[in-house]
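Each chain is listed here by its residues.
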Amino acid sequence: MIDESAQAYESADAKTIVDALWSNWPIVVTLRAADVGMGSADRVTDFIQNFQDLSDAGLISYEAFVVGPGGPQVIDAALTARGRAWMARRENLPLMPHQLAS
């Protein structure tokens, strides 16, 4: 059995993306390639590929993926519940729920 989550998370670039989303949870964020160290022209394809792999594995979700003159950006990206649970288990982190309202 192939673990898509593990395969999507193998690269250092994917870990950087997931870390950026984990640190912002529960806030959704707009990430640009430059935000995660992939802003150079030869790294933009890596940015796109990593987001696609993470999304296909069900670890992240986003509202829109825009590629324009300023480079690619992912609008309203966040870790999914599966992504948060998988990362907490994988990294031995506590899965702490955040209270959004009282």
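Preceding block: the structure.
All of the points below concern the structure found in this document. Fair warning: this is a prediction, and the values are worked out from it, not measured in the lab.

1. Quick word on the pairing of strand β3 (residues 64-68)
Successive residues of a regular strand alternate their side chains across the two faces of the sheet.
Turning to step 1, where the next piece is worked out: As defined by bridge partners, β3 adjoins strand β4 (residues 71-79) across five bridges and the pair is classed as antiparallel. Bridging across to β4, V67 finds its partner in P72.
Turning to step 2, where the next piece is worked out: Taking the residues that link successive antiparallel strands as the turn, the β3-β4 hairpin has two residues.

2. Side note on the packing of helix α2 (residues 12-24) against helix α3 (residues 44-56)
Turning to step 1, where the next piece is worked out: Two elements in contact, α2 and α3, have axes separated by 10 Å at closest approach and are oriented at 70 degrees. With respect to their mutual orientation, α2 and α3 come out roughly perpendicular. Read as a crossing pair, α2 and α3 show a hand that is right-handed. Seen from α2, the contacting residues are D13, A14, I17 and V18; seen from α3, they are D46, N50, F51 and L54.
Turning to step 2, where the next piece is worked out: Taken together, the residues of the contact of α2 with α3 break down into five nonpolar, one polar and two charged.

3. Considerations on helix α4 (residues 81-91)
Turning to step 1, where the next piece is worked out: Along α4, the positions that sit buried rather than exposed are G83, R84, W86, M87 and A88.
Turning to step 2, where the next piece is worked out: After α4 finishes, the residue N92 shows a positive phi value of roughly 55 degrees.

4. Points about the environment of V67
Turning to step 1, where the next piece is worked out: Locating V67 in the fold gives a position in strand β3.
Turning to step 2, where the next piece is worked out: Assessed through its relative accessible area of 57%, V67 is described here as exposed.
Turning to step 3, where the next piece is worked out: As a C-alpha pair, V67 and I48 span 19 residues in sequence and 9.4 Å in three-dimensional space.

5. A word on unusual backbone geometry
Turning to step 1, where the next piece is worked out: Residue P26 follows W25 across a cis peptide bond; omega there is 10 degrees.
Turning to step 2, where the next piece is worked out: On the secondary structure map, P26 appears in the loop between α2 and β1 (29-32).
Turning to step 3, where the next piece is worked out: For D76, which is not a glycine, the phi torsion comes out positive at approximately 55 degrees.
Turning to step 4, where the next piece is worked out: Topologically, D76 is positioned in strand β4.
Turning to step 5, where the next piece is worked out: Residue classification places D76 among the partly exposed positions, given a relative accessible area of 36%.

Quick notes on the rules
- Residues numbered from 1 in each chain as written.
- Predicted model: local features only at pLDDT ≥ 70, side-chain atom pairs only at ≥ 80, totals over all residues.
- Heavy atoms only, no water.
- Pairing = 2+ DSSP bridges.
- Helix = DSSP H or I, 4+ residues; strand = E, 2+ residues; numbered from the N terminus.
- Axes fitted to C-alpha atoms, helices over the stretch in contact; angles between N-to-C directions.
- Parallel < 35°, antiparallel > 145°, perpendicular 65-115°, else oblique.
- Left-handed = near helix turned anticlockwise from the far one by under 90°.
- Contact = heavy atoms within 4.5 Å.
- Nonpolar A, V, L, I, M, F, W, Y, C, P; charged D, E, K, R; others polar.
- Buried < 20%, exposed > 50% of the residue type's maximum accessible area, 1.4 Å probe, protein only.

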